[in-house]
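Observations on chain architecture
Residues per chain are reported as follows:
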Amino acid sequence: MSEMNDMIQMLADASEEERASMLSQRLKMLAGQPEEQRIQSLAGLISSVNKLKPKKMKPFIATRTKVLMSLSPEEKEALILGRLKAAKVVDENIHKTDMMTTLEVAKEMGEDKFKMFVGLLKQIAEKHGLPVPQMDGS
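None of these values were measured; they are calculated from a predicted model. (Residues numbered from 1 in each chain as written. Predicted model: local features only at pLDDT ≥ 70, side-chain atom pairs only at ≥ 80, totals over all residues. Heavy atoms only, no water.)

1. A closer look at helix α1 (residues 2-13)
Between the first and last C-alpha of α1 there are 16 Å, a value that for 12 residues agrees with the 16 Å anticipated at 1.5 Å per step. Those residues of α1 that sit buried are M4, I8, L11 and A12. In an axial view of α1, the angular spread of the buried residues amounts to 100°, which keeps them on one side of the axis. Among the exposed residues of α1, those pointing more than 90 degrees away from its buried face are S2, E3 and D6. Contacts from the buried residues of α1 go to α2 (16-31), α3 (35-50) and α4 (54-70). (Helix = DSSP H or I, 4+ residues; strand = E, 2+ residues; numbered from the N terminus. Expected span 1.5 Å × (residues − 1). Buried < 20%, exposed > 50% of the residue type's maximum accessible area, 1.4 Å probe, protein only. Arc of directions from axis to C-beta. Contact = heavy atoms within 4.5 Å.)

Here is the structure:
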C-alpha cells in the first residue's frame, strides 16, 4: 500500500497538467482491469487519496473527476461501477469523505457538469442494483 501512497503523494505534488496526464493513463489502465482487481485498485486509490492533507486532496480529486469525465462511456462506467463497489471495501468515513469531496468539485465545475456527473452515478448504480450514493452533502 505504501507504493500507492507514494504515487498519490507524487501526483498530488505534481502540476495540474502532469497530474491530469498521469491520472488519465492510470484511470484508463484501471478501467481495463478485471472487475475484482479494479475494485481493489480503486479502494487502494481512495484510501491513499484520503491520507493527503485537505489542501492537496481537493485539487487531486478535482483533477481525477475532470479526467474521469473525459474518458469514454465504457471507461467511465467501469470506473464508476468499481468506485461504487469499492465503497464496501474501504472505511465508511474514507468513502464519505471521497464522495463528498468529489461531489463538491463536480459542483464547482458548473451546474451542467454536476448534473451530468450525478446523473451518471445514479444511472450506473441503478443499472447494477447498487445503492445510489447520497448526493445532498449529508
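What follows continues from the structure just given.
2. Section: the packing of aromatic side chains
Tallied over the entire structure, the rule returns zero aromatic pairs. One cation-aromatic arrangement involves K107 over F114; the distance from NZ or CZ to the ring centre is 4.4 Å. (Phe/Tyr/Trp six-rings, centres within 6.5 Å; stacked < 30°, edge-to-face > 60°. Lys NZ or Arg CZ within 6 Å of the ring centre and 35° of its normal.)

3. Comments concerning empty space enclosed by the protein
Tallying each qualifying case throughout the model produces one cavity of 30 Å³ or more. Counted as a void, the largest cavity has a volume near 210 Å³. Around the largest cavity sit 15 residues that line it, and R64, L68, L79, I80 and R83 are the ones nearest its centre. For the lining of the largest cavity, the elements supplying multiple residues, two or more each, are α3, α4, α5 (73-86), α6 (92-108) and α7 (111-127). Here the lining of the largest cavity is built from residues that sort into 10 nonpolar, two polar and three charged. (1 Å grid on protein atoms, 1.4 Å probe; cavity = no way out; pocket = protein on both sides within 12 Å on 5 of 7 lines; lining within 4 Å. Points joined across faces, edges and corners; volume = space filled by probe spheres on them. Nonpolar A, V, L, I, M, F, W, Y, C, P; charged D, E, K, R; others polar.)

4. With respect to the layout of surface pockets
Computed from the structure, the largest pocket encloses a volume of approximately 260 Å³. What lines the largest pocket is a set of 13 residues, among which A87, H95, V132, P133 and Q134 lie closest to the centre. In terms of residue count, the dominant contributor to the lining of the largest pocket is α6 (four residues). Across the lining of the largest pocket, the residue classes tally to eight nonpolar, three polar and two charged.

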